Amino acid sequence: MNSNNDNKIMTKISSIHYIEHLSNEIFYEIFDYLEDCNIFQSFTNLNIRFEKLLACLSLRLKIKVCHLPTQEKSIQHLHADPNSEQKQDIPFQHYLESVRFIDIKSNLILKHLLILKTFPQLVSLTISIEDDFKNLPLLYKFVFQILSIKYLKISYNQYNPEIPLSLAQPNHMNSIKYLNIDHSCRIRNLMTMLSYTPQLTHLTCRGLIDWSENIEDIIIILPELTHISLLTYFTVWNEFERFIQKISSHVQILRLNIHSTKIHLYAEQWERLIVKYMPNLYRFYFQHHQTFDKKLFKEVDFYDLIKQFYTPFWMEQNWIPKLSIVIAGLVSNQILFSIVPVKKYSNDITVDQRQQMINSNELSFEKLLSKTSPFTKVTIKQNALNCYPRSILCNVIPFFNIIRITHLNLQHDEFYVGLFLDLLHLLPDLESVELKSLMLMKHRKLSKEEENLIDLLRKTNQIIRVTLTNIVELAQIQFLIHLCPRIQQLQISCSRTIDIASLARLVFTKDCNALPHLSILLLSIPKIDYNLTDKLQKMIRSEQGHNEYTIKRVDDQICVQWK
């Protein structure tokens, strides 16, 4: 736009003294900066001109109601009462597509649903129930009658798995494609709910529970159901198996999060279930949570547990088993067994090499294990070592001798260096360490035993990846670089007290003597200097000559990668 046009527009605007004198084009420009809901609330029922303006807009309204005293008022404001004397020319409900009730009171739910049934464009409904509610069956019955809904999520924190519904009749079915049941629910009750949703494509259920009940009589057809995500508490395999058989013939992505008092980790069972009843499955995410104690380690051979998932079936799918151990104290500790799809193996072996490994009768499980690099991750929670740190080290960690632990995550704000050294000594197979920061004892020197342990660990540890999430002094980084000379990937989140230039000089030493194997350095820096990338480039060139590398900056992170 040239200056003459600009001057004409400014002259025209300067002659306007009332908002009503603005052109329709100016209002449309203003509307572009407002939420659809705010436009209607601000300009509806003002005058005929604005009614015509709103009628020309293609608005799709999304309402979130989370302030309890205004819930009833908000819904009534959306509803155009046909008997009202002050009838709207443009009924609000014709534009409403999404409603979210956050922490709604149970005594308001059914009243609001009666109103929502009059909204023909409503496609998304989310309800989060605040208090004790005994009428979930009636709630679902009402919601399933809103035929326009495509997405439904109902959240309820009280334990109330009993939701008796009768099976849907042909004229009771709806158009729901995304169903999220965010509360406890019996398997049989879920089956009856699904009879109302023949067009379902995505199913999520947070608290599926089995009560050793018969579901053979329930027949449902879900030809479009391709995504299933379940968090379940079950003890009876047969019932869970029957449930999966009935709903998963077209499923492509399956996510299972199982909490159980029994071990349900029989590879042949899962393989048989998948092969026979889920022919289209290509992504399988599986988690099995189990509280552990001394007795569990005596009863369960975790080596054999992992080994049974290393067969041609699982490897052809690239579904790799992993074991994670969470230590929260002396009592409340958990083992998490998971299966996740991966795109490639960590050491980039080719498809032909992998097939060769699968077909080879001579390849031992131990070699296969080393080539595919499965890992066991140990996480020590924030307060786990506060009271009895030595007891954890002496009584809990040694149970893991039968498992090859390769990843360690320490969630303490400050981890004493002595405990850290003892932990590394107890876990000789570590490849990766993540911690917030180390508490270096400035008021005393390391003991002779600690110095000897450091010398031993420098020679023997296999740590190649280190992540530091809250480093406050360079001495912590210097200590870890000295302790782990084989680091290939180093990720550092710096506090404001860290001098980046000094950190760079510490890492980019001449000839890379400190970290000769370093290939990736990732720095997270608060309030990053826009010229820092150039400064680092100059520093790398001066320290390392013509080594090939790339350096990139994304938001508050800088990544340096050597070729």
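This is a predicted model, so every value here is computed, not measured.

**Q** It is not clear to me how the side chain of His289 should be interpreted in this structure. Could you clarify?
**A** Structurally, the position occupied by His289 is in strand β9 (residues 283-291). Here Asn257 takes part through its side chain, which lies 2.9 Å from a polar atom of the side chain of His289. Setting aside residues no more than four positions away along its own chain, His289 makes contact with Asn257, Ile258, His259, Ser260, Gln334, Ile335 and Leu336.

**Q** Would you explain the environment of Thr226 in this entry?
**A** Topologically, Thr226 is positioned in the loop between β6 (202-209) and β7 (227-233). Once the C-alpha coordinates of Thr226 and His250 are considered, the two residues, 24 residues apart in sequence, prove to be 5.6 Å apart. Setting aside anything within four residues of it in sequence, one finds Thr226 in contact with Thr201, His250, Val251, Gln252 and Ile253. A polar contact of 2.7 Å, which involves the side chain of Thr226, links it to the side chain of His227.

**Q** So what exactly am I meant to see when it comes to the pairing of strand β8 (residues 253-259) here?
**A** Put simply, side chains in a regular strand alternate between the two faces of the sheet. Of all seven residues making up β8, five are buried, and the element is well covered by its neighbours. Judged from the seven bridges that link them, β7 and β8 form a sheet pairing that is parallel. From the neighbouring strand, Thr232 faces β8, where its bridge partner is Ile258. Looking at chain direction, β8 and β9 are connected through seven bridges and run parallel. Paired with Asn257 across the two strands is Gln287, which belongs to β9.

**Q** Is there a simple way to explain the pattern of salt bridges in this structure?
**A** One side chain can pair with another of opposite charge once the charged atoms of both are near each other. Using the criterion set out here, one finds four salt bridges in the structure. A salt bridge links Glu224 to Lys177, with the shortest nitrogen-to-oxygen separation between them at 3.5 Å. Placement of Glu224 in the loop between β6 and β7 and of Lys177 in the loop between β4 (151-156) and β5 (178-186) is noted, with a sequence separation of 47 residues between them.

**Q** What should I look at first to understand helix α10 (residues 267-277) in this one?
**A** Given 3.6 residues per helical turn, the α-helix brings residues three or four places apart onto the same face. Every buried residue belonging to α10 is among Ala267, Trp270, Leu273 and Ile274, and all of these are buried. Buried residues of α10, seen end-on, are gathered within an arc of 135° and therefore sit on one face of the element. Across from the buried face of α10, at angles greater than 90 degrees, the exposed residues are Glu268, Val275 and Lys276. Where the residues of α10 are buried, they touch α9 (237-247), β8, β9, α13 (312-316) and β10 (319-327).

**Q** I tried to follow a nonpolar patch on the surface on my own but got confused; where do I start?
**A** Taken together, the side chains of Ile26, Ile30, Tyr33 and Leu34 make up a nonpolar region of the molecular surface, amounting to roughly 390 Å² of accessible area. Looking at where Leu34 falls in the secondary structure, it is placed in the loop between α2 (24-31) and α3 (36-43). Of the residues examined, Leu34 reaches a relative accessible area of 34% and is grouped as partly exposed.

**Q** Looking at this model, I keep getting lost on the packing of aromatic side chains. Mind explaining?
**A** The relation between two aromatic rings is expressed through the spacing of the ring centres and the mutual angle of the planes. According to the stated counting rule, one finds 15 aromatic pairs in the structure shown. Ring geometry for Trp237 against Phe240: centres 6.3 Å apart, planes inclined by 45°, an arrangement best described as tilted. Taken together, the residues span about one helical turn, with Trp237 and Phe240 both in helix α9 at a distance of three residues. For Phe240, a relative accessible area of 0% translates into the label buried. What links up through ring pairs into an aromatic cluster is the set Trp237, Phe240, Trp270, Phe284, Phe286, Phe309, Phe313, Trp314 and Trp319. Seen from the ring of Tyr285, Arg255 lies directly overhead, with NZ or CZ sitting 4.0 Å from the centre.

**Q** For this particular structure, what's the right way to read the packing of helix α17 (residues 417-426) against helix α18 (residues 448-460)?
**A** A packed helix pair is summarised by two numbers, namely the angle formed by the two axes and the spacing between the axes. In the contact formed by α17 and α18, the axes pass within 11 Å of each other and the chain directions differ by 40°. On the basis of the axis angle, α17 is oblique to α18. Judged by the twist between their axes, the crossing of α17 over α18 is left-handed. Side by side, α17 and α18 meet where Gly418, Leu421, Asp422, Leu424 and His425 of the first sit next to Glu450, Leu453, Ile454, Leu456 and Leu457 of the second. Residue composition of the contact of α17 with α18, by class: six nonpolar, two polar and two charged.

Each value, and the rule that gives it
- Residues numbered from 1 in each chain as written.
- Predicted model: local features only at pLDDT ≥ 70, side-chain atom pairs only at ≥ 80, totals over all residues.
- Heavy atoms only, no water.
- Helix = DSSP H or I, 4+ residues; strand = E, 2+ residues; numbered from the N terminus.
- Polar contact = N/O pair within 3.5 Å; in protein donor to acceptor, adjacent residues only side chain to side chain.
- Contact = heavy atoms within 4.5 Å.
- Buried < 20%, exposed > 50% of the residue type's maximum accessible area, 1.4 Å probe, protein only.
- Pairing = 2+ DSSP bridges.
- Salt bridge = Lys/Arg side-chain N within 4 Å of Asp/Glu carboxyl O.
- Arc of directions from axis to C-beta.
- Patch = residues over 30% accessible without salt bridge, like charges linked within 9 Å, V, L, I, M, F, W, Y side chains within 5 Å.
- Areas by Shrake-Rupley, 256 points an atom, 1.4 Å probe, with all protein chains shown as cover.
- Phe/Tyr/Trp six-rings, centres within 6.5 Å; stacked < 30°, edge-to-face > 60°.
- Lys NZ or Arg CZ within 6 Å of the ring centre and 35° of its normal.
- Axes fitted to C-alpha atoms, helices over the stretch in contact; angles between N-to-C directions.
- Parallel < 35°, antiparallel > 145°, perpendicular 65-115°, else oblique.
- Left-handed = near helix turned anticlockwise from the far one by under 90°.
- Nonpolar A, V, L, I, M, F, W, Y, C, P; charged D, E, K, R; others polar.

The values are spatial; any link to function lies outside them.
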